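# Structural overview for review
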Amino acid sequence: MWADALGSAMGRAGGYSDGRDIGVVFNYPNSHGASALPMCGGVGAQYTPTAGWAQAIEYHRNVLKDPAYDKAIAVVLGGDGSVASNGFWSALTIATTQQLPMLFYIEDNGYASRCRERSRRPAATSRVNLASWSGLTIFSGDGAEPAEAARLIDAATRHVREERTPALLRLTVPRLQGHKLPGHADLQIGRLRRLGMGARDPLPKLRSYLVPALLSDEQWAEIEQRADADAEAARERAEARGIADPESVLRNVFFEARCKPRAGSGTTAMSRPT
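Rules used throughout
- Residues numbered from 1 in each chain as written.
- Predicted model: local features only at pLDDT ≥ 70, side-chain atom pairs only at ≥ 80, totals over all residues.
- Heavy atoms only, no water.
- Pairing = 2+ DSSP bridges.
- Helix = DSSP H or I, 4+ residues; strand = E, 2+ residues; numbered from the N terminus.
- Axes fitted to C-alpha atoms, helices over the stretch in contact; angles between N-to-C directions.
- Contact = heavy atoms within 4.5 Å.
- Phe/Tyr/Trp six-rings, centres within 6.5 Å; stacked < 30°, edge-to-face > 60°.
- Buried < 20%, exposed > 50% of the residue type's maximum accessible area, 1.4 Å probe, protein only.
- Salt bridge = Lys/Arg side-chain N within 4 Å of Asp/Glu carboxyl O.

Quick look at the sheet that holds strand S3 (residues 137-142) now. Spatially, 4 strands are ordered S1-S2-S4-S3 in an open sheet, and the strand pairing comes out parallel. Each edge of the sheet is formed by a strand with only one pairing partner; in this case those strands are strand S1 (74-79) and S3. The average angle at which neighbouring strand axes cross in this sheet is 15 degrees, direction not considered. For strand S2 (residues 102-108) and strand S4 (residues 167-172), the ladder comprises 6 bridges, and the chain directions are parallel. Bridge assignment links Asp108 to a residue of S4, and that residue is Thr172. Across the sheet, helix H2 (residues 47-62) lies against S1 and S2, angled at about 170 degrees from S1, the strand it touches most.

Moving on, we get to the packing of aromatic side chains. Counted by the stated rule, this structure contains 5 aromatic pairs. Judged by centre distance (6.2 Å) and plane angle (20 degrees), the ring pair of Tyr47 and Phe104 falls under stacked. In this pair, Tyr47 sits in helix H2 while Phe104 sits in strand S2, placing the two residues 57 residues apart along the sequence. As far as the burial class goes, Tyr47 and Phe104 line up, both buried. Between Phe88 and Trp89, the aromatic rings sit 5.1 Å apart at their centres with planes inclined by 85 degrees, giving edge-to-face as the arrangement. Through a chain of ring-to-ring contacts, three or more aromatic side chains come together here, namely Tyr47, Phe88, Trp89, Phe104 and Trp133.

Our next topic: the environment of Gly110. Take Gly110: it is sitting in the loop between S2 and helix H4 (117-120). Residues Gly110 and Val173 lie 63 residues apart in sequence; the distance between their C-alpha atoms is 8.2 Å.

A few words now on the pattern of salt bridges. As enumerated under the stated definition, the model contains 11 salt bridges in all. Here Arg241 and Asp4 are joined by a salt bridge, their closest N and O atoms 2.7 Å apart. Of this pair, Arg241 sits in the segment after helix H9 (217-239) while Asp4 sits in helix H1 (residues 2-9), and the two are 237 residues apart along the sequence. Across the pair Lys205 and Glu145 runs a salt bridge whose closest N-O atoms are separated by 3.0 Å. Taken together, the residues span a long stretch of sequence, with Lys205 in helix H8 (residues 202-210) and Glu145 in the loop between S3 and helix H6 (146-163) at a distance of 60 residues. The network of salt bridges with shared partners includes Glu58, Arg61, Asp70 and Arg164.

Structure (structure tokens):
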């Protein structure tokens, strides 16, 4: 899976997207557990399909009476910039009016893609702006503090699983690198370090939280070494793959398989890109 994740962002052939994924836009078709739904790279494009997934969960629970869906929930991840998109507000309306088991998980670094929050919009994910939104439970806190983040994630997840109603979890996080281009990233890193945001790096905070309370220095070092080795091995496997064939770029843009015919109908439908 790691090689697939890296290879997709490199435009390498193989994997789940055959080189179509960009950065954190990633899909994971896991038939044996939680799936990451395939999304396009449009900002905020992930929200409404996840609302549809939540609707499907409730259909399986309430109409088909399938007990396997009794605790199932739909989770959508986004950043602070994406909550300014129409997809976010559409999904929020769908989830709250229909009271769907949907968790909006927002990581807020205060910058979105390029500019500070005050330059582009109000703090749309804050308690203040959404406090009066009917049918939505809000959890908010510091995502760089391990204990607080774990407590809030657990509370928000349990709420959606047990109450079967939507919740929004907003965690503030530091921005430790740029959004896209390497040069842009270097400028951002230097600027943010001067602002002191590097001090909020969650990895040293996680180490302080776990060592020595739960792990020894040796155990932490072993985990670090294993993670570095796994990442390096995945990089080597990804780079060994061929470049994705440009001729395949329009493949699967639209649904290409045969649709199941409706009752009493002898026709099938197929949608292809034009």
